[in-house]
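Spelled out, the chains give:
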Amino acid sequence: MSSSVERRSNPTAWAAFWIALAGLVLMPIPLFIGLILGGGLSIVAAVLAVIGLFKGLARNGKGIAPVVFAAIFIALTWGGISLGGGTIW
């Protein structure tokens, strides 16, 4: 592989994407299990999304798409938690 080939992937953004997706999927589990798992994972995903956003912007916007989807999943998770997700349904 040549050194002039630029890597297009943003691993931090993809980690944020998958962790945010896991938080969204685990959030509806009742009895505060989903609140702890989904909420905790969404906080970790938010931190990774910010780091991935800055890394993507440093490379002229390459690899920002997973950050956008992660932000959507994080917003859906926090919205679901605010409506009672993860507690007793």
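Residues numbered from 1 in each chain as written. Predicted model: local features only at pLDDT ≥ 70, side-chain atom pairs only at ≥ 80, totals over all residues. Heavy atoms only, no water.

**Observations regarding helix H3 (residues 65-82)**
The test is simple: Each helix is a run of H or I in the DSSP string that is no shorter than four residues. Each strand is a run of E no shorter than two, and both are numbered from the N terminus. In this analysis, the expected span of each helix is defined as 1.5 Å times one less than the number of residues it contains. Burial classes follow relative accessibility: with a 1.4 Å probe on protein chains only, a residue under 20% of its type's maximum area counts as buried, one over 50% as exposed, and anything between as partly exposed. When we speak of the arc, we mean the arc of directions from the helix axis to the C-beta atoms. Should any heavy atoms of two residues lie within 4.5 Å, those residues are considered in contact.
The end-to-end C-alpha distance of H3 is 26 Å, a good match for the 26 Å that 18 residues give at a rise of 1.5 Å each. Every buried residue of H3 is accounted for by Pro66, Val67, Ala70, Phe73, Ile74, Thr77 and Gly80. Mapping the buried residues of H3 onto a view down its axis gives an arc of 145°, with all of them on the same face. Its buried side turned inward, H3 meets helix H1 (11-26) and helix H2 (33-58).

**So, the packing of H2 against H3**
In a pair of packed helices, the angle between the axes and the distance between the axes together describe the arrangement. The following threshold applies: Here an axis means a line fitted to C-alpha atoms, over the contact stretch when the element is a helix, while the angle between two N-to-C directions is reported on a 0 to 180 degree scale. Roughly parallel covers angles under 35 degrees, roughly antiparallel covers those over 145, roughly perpendicular covers 65 to 115, and oblique covers all other angles. Two helices crossing with the near one rotated counterclockwise from the far one by less than a right angle form a left-handed crossing, whereas a clockwise rotation gives a right-handed crossing.
Their axes nearest at 9 Å, the elements H2 and H3 cross at an angle of 150°. Considering the angle they form, H2 stands roughly antiparallel to H3. Viewed along their axes, H2 and H3 form a crossing whose handedness is left-handed. Across the interface between the two elements, Leu35, Gly38, Gly39, Ser42, Ile43, Ala45, Ala46, Ala49, Gly52 and Leu53 from H2 touch Val67, Ile74, Thr77, Trp78 and Ile81 from H3.

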